[in-house]
Amino acid sequence: MKSKTSGASVPRSGLRLDKVEVIVNPRSGSVNEAAPAELKAELEARGIGARIHVFDGHRFDALLDDAFAAKPDLVIVLAGDGTVRAVASRAGPDGPMVVPLPGGTMNMLPKAVYGVTDWRRALALAVDEGEVRDIAGGVVDGEPFYCAAILGPAALWAPAREALRKGRIVRSLAKARGALRAAFAGRVRYRLDRGELKRAEALVLISPLISTAMKTSNGLEAAVMKTSDAREAFRLATNAVFSDWRNDPSVETQVVKRAHAWSRSKIPALLDGETVRLSTDAEIRFLPVAFRALAPRSVTEEAAS
């Protein structure tokens, strides 16, 4: 389902926004059916014409193909973490600028870029004050991430926590039991850059965008959780992403450009809030420029500091 709008695009910080594509998933965590029309109105009020794509749960790749075939100057996405990550990945470092608006539950990338969780405020920061900003990230087993990747059995606690947050107690307990069973399958083996082969409950790779320790975009901050308990490892891993945790004696950190992870079975991972399964042999690489965002200088600089 698509609708078209017309209107003269307005320059923002010397940029021309002549072709704007908008992707909205009205079924994602914090978006409703009125969102496409509301977002369209916000853009028209600024004199920006855009083509609106509403994801109906089917043929997502075809929708992306259609949006990017127009060779837009800007792609705005209002959806959950998985959709936002897919759009940024399709854009890449040489494609159009991206405005990742918070429309999901965790909203890791939108919050990292704009520092807010309200999509209207994030849109205003982008189109009213934004400039082109290079966003660093990483890729693991061919899957991109722009904030953080949690690898290992500890990542399986994420679905249980999300179910509990939504009040789904029975489902949460079932997922927790599944996470416990998976946790006993063995720790993840890893190698950082050219270092020694080691084991851990969780390997966390944090991008310069959200790392509180890195002052420059020269690699990924690798954090290794060496606990004996998968649930504790997940707690430490999420703290690694969202808060200060570096004084914990069971955590080791260093900056890396490459890493490898191995396991006897497919490696569970949490990439920017989305649970995925990687191969048994996963390579992690740092991407100095993963994609380009339209964002104000002050927000992105504070997020990366």
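One can find the structure itself at the top, above this paragraph.
Description of the structure in this document. (Residues numbered from 1 in each chain as written. Predicted model: local features only at pLDDT ≥ 70, side-chain atom pairs only at ≥ 80, totals over all residues. Heavy atoms only, no water.)

Remarks on the overall build of the chain
Piece 1. Counting its secondary structure elements, the chain contains nine helices and 17 strands.
Piece 2. In the chain, buried positions account for 52% of the 305 residues.
Piece 3. In the chain, the proportion of contacts linking residues at least 24 apart, taken out of those at least 6 apart, comes to 71%.
Piece 4. Here the chain displays about 13700 Å² of accessible surface, and carbon together with sulfur accounts for 48% of that area. (Helix = DSSP H or I, 4+ residues; strand = E, 2+ residues; numbered from the N terminus. Buried < 20%, exposed > 50% of the residue type's maximum accessible area, 1.4 Å probe, protein only. Contact = heavy atoms within 4.5 Å. Areas by Shrake-Rupley, 256 points an atom, 1.4 Å probe, with all protein chains shown as cover.)

Section: the packing of helix α1 (residues 35–45) against helix α5 (residues 119–129)
Piece 1. Interhelical geometry of α1 versus α5 gives an angle of 30° and a closest axis separation of 11 Å. Comparing their axes, α5 and α1 come out roughly parallel. Seen along the crossing, α1 lies across α5 with a hand that is right-handed. Contact residues: Glu38, Leu39, Glu42 and Leu43 in α1; Trp119, Arg120 and Leu123 in α5.
Piece 2. Here the residues of the contact of α1 with α5 sort into four nonpolar, no polar and three charged. (Axes fitted to C-alpha atoms, helices over the stretch in contact; angles between N-to-C directions. Parallel < 35°, antiparallel > 145°, perpendicular 65-115°, else oblique. Left-handed = near helix turned anticlockwise from the far one by under 90°. Nonpolar A, V, L, I, M, F, W, Y, C, P; charged D, E, K, R; others polar.)

Things to note about unusual backbone geometry
Outside of glycine, negative phi angles account for most residues, and trans bonds account for most peptide bonds.
Piece 1. Phi angles above zero are rare outside glycine, and asparagine 107 is one such case at about 55°.
Piece 2. Summarising the element assignment, asparagine 107 is placed in the loop between β5 (97–102) and α4 (108–114).
Piece 3. Positive phi, close to 50°, is recorded for aspartate 193, a residue that is not glycine.
Piece 4. Inspection of the secondary structure puts aspartate 193 in the loop between β9 (188–192) and β10 (198–200).

Observations concerning α1
Piece 1. The complete set of buried residues in α1 reads Ala35, Pro36, Leu39 and Leu43. Down the axis of α1, the sector holding all buried residues measures 100°, keeping them to one side. In α1, the exposed residues that point more than 90 degrees away from the buried face are Ala37 and Ala45.
Piece 2. As for α1, its buried residues are in contact with β2 (20–24), β3 (51–54), β4 (74–79), β5 and α5. (Arc of directions from axis to C-beta.)

Concerning the environment of glycine 137
Piece 1. On the secondary structure map, glycine 137 appears in strand β6 (residues 131–140).
Piece 2. A relative accessible area of 0% means that glycine 137 is categorised as buried.
Piece 3. In this structure glycine 137 touches Phe145, Tyr146, Ser207, Leu220, Arg285, Phe286, Leu287 and Ala290, once residues within four positions along its chain are discounted.

Structural notes on the pattern of salt bridges
Piece 1. Under the counting rule described, the total for this entry stands at 11 salt bridges.
Piece 2. With a shortest N-O distance of 3.2 Å, arginine 85 and glutamate 143 are connected by a salt bridge. Of this pair, arginine 85 sits in helix α3 (residues 81–91) while glutamate 143 is found in strand β7 (residues 143–145), placing the two residues 58 residues apart along the sequence.
Piece 3. By relative accessible area, which is 7% here, arginine 85 ends up buried.
Piece 4. Overall, glutamate 143 belongs to the partly exposed group, its relative accessible area being 30%.
Piece 5. Two residues, glutamate 274 and arginine 85, come together in a salt bridge whose shortest N-O distance is 2.5 Å. With glutamate 274 in strand β16 (residues 274–277) and arginine 85 in helix α3, this pair connects stretches of sequence that are 189 residues apart. (Salt bridge = Lys/Arg side-chain N within 4 Å of Asp/Glu carboxyl O.)

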